[in-house]
Each structure stands twice: as structure tokens, then as C-alpha cells.
Amino acid sequence: FPRPTMPQGAPTIPGRATDDRPLVLVVDDDTDLRLYVHRRLASLCNVEQASSGSAALLIAATSRLSLILLDLGLPDMHGLQLLERLRALPHSWRVE
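Residues numbered from 1 in each chain as written. Predicted model: local features only at pLDDT ≥ 70, side-chain atom pairs only at ≥ 80, totals over all residues. Heavy atoms only, no water.

1. Some points on helix 3 (residues 79-88)
Moving on, step 1. Every buried residue belonging to helix 3 is among Gly 79, Leu 82, Leu 83 and Leu 86, and all of these are buried. Take helix 3 and look down its axis: the buried residues cluster within an arc of 105°, on one side only. The exposed set on the far side of helix 3, more than 90 degrees from its buried face, consists of Glu 84 and Ala 88. (Buried < 20%, exposed > 50% of the residue type's maximum accessible area, 1.4 Å probe, protein only. Helix = DSSP H or I, 4+ residues; strand = E, 2+ residues; numbered from the N terminus. Arc of directions from axis to C-beta.)

Right under this line is the structure:
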């Protein structure tokens, strides 16, 4: 599948992966934890970060993610709500 592109007029997301390594999204409102996980994974894969459910949805809708690490206690929605919205995306992955 081709890598999805950002819709016209949407903000660009810095650090968008352009190589063939897996892309992991870390979703957590705790900045220190997000940065720690990013540092631990960066040598193995590309890592995107989101601090809210809405930011995670934007990234997920425009990326070919291999894995999402998801906090349940997000500021704008519960992690399970985000999980349901992720499952509803047109290019939904196998979500467990």
C-alpha cells in the first residue's frame, strides 16, 4: 500500500518517517515517558509521538503504523475510546 499523505491544508508533522523501518506511535500525555520510550525505540524503528487522542488520530489517519503504544488516561478521551476510533479508520489495522 502507498504511504498515505496529509490532506491539503493539514499541519505537517515533524519527523515523518521516510525509510522502510517500522513506524511506532507512542501516545501518552506524560512527556517524560513519551521521550523515554522514544529514546529506547529510536535505534530499532521510527517513532512518532502524540500527547492526546486527537493528535494520535491525525497521525494514525495519515501514516502506515506498525504499532501503537497507547496510554488509557489521555486528556481528551479515554484510551479505549481512541482504540474504537482507530478501529473505525478506513485503513484499519488488526487492533488487539
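2. Observations concerning the environment of Val 37
Moving on, step 1. With respect to the helices, strands and loops of the structure, Val 37 is situated in helix 1 (residues 31-41).
Moving on, step 2. Val 37 sits in the buried class, given a relative accessible area of 17%.
Moving on, step 3. On a C-alpha basis, the gap between Val 37 and Val 26 in space is 7.6 Å, while along the polypeptide they are 11 residues apart.

3. Some thoughts on the nonpolar core
Moving on, step 1. Counting residues in hydrophobic clusters, the biggest one holds 14 residues, and the most contacted among them are Leu 25, Val 27, Ala 50, Ala 56, Leu 82 and Leu 86.
Moving on, step 2. Among the elements of the structure, strand 1 (23-27), helix 2 (53-61) and helix 3 are those that each provide at least two residues to this core.
Moving on, step 3. With residues up to four places along the chain from it excluded, the contact list for Ala 56 reads Leu 25, Val 27, Ala 50 and Leu 82.
Moving on, step 4. With 5 residues, the next largest nonpolar core counts Val 26, Val 37, Cys 45 and Val 47 among its residues. (Core = buried A, V, L, I, M, F, W, Y, C linked by side-chain atoms within 4.5 Å. Contact = heavy atoms within 4.5 Å.)

4. Description of the sheet that holds strand 3 (residues 67-70)
Adjacent strands of a sheet pair through backbone hydrogen bonds, lying either parallel or antiparallel.
Moving on, step 1. On the basis of which strands lie adjacent, the open sheet formed by 3 strands has the order 2-1-3 and parallel pairing. Each end of this open sheet is capped by a strand with a single partner; those strands are strand 2 (46-50) and strand 3. Taking the axes of each pair of neighbouring strands and ignoring which way they run, one obtains an average angle of 20° across the sheet.
Moving on, step 2. In this structure, strand 1 lies alongside strand 2, joined through 5 bridges in parallel fashion. Note that in strand 2 the partner of Leu 25 across the bridge is Glu 48.
Moving on, step 3. Helix 1 contacts strand 1, strand 2 and strand 3 of the sheet and is inclined by roughly 170° relative to strand 2.
Moving on, step 4. Set on the sheet, helix 2 makes contact with strand 1 and strand 2; between it and strand 2 the angle comes to about 145°. (Pairing = 2+ DSSP bridges. Axes fitted to C-alpha atoms, helices over the stretch in contact; angles between N-to-C directions.)

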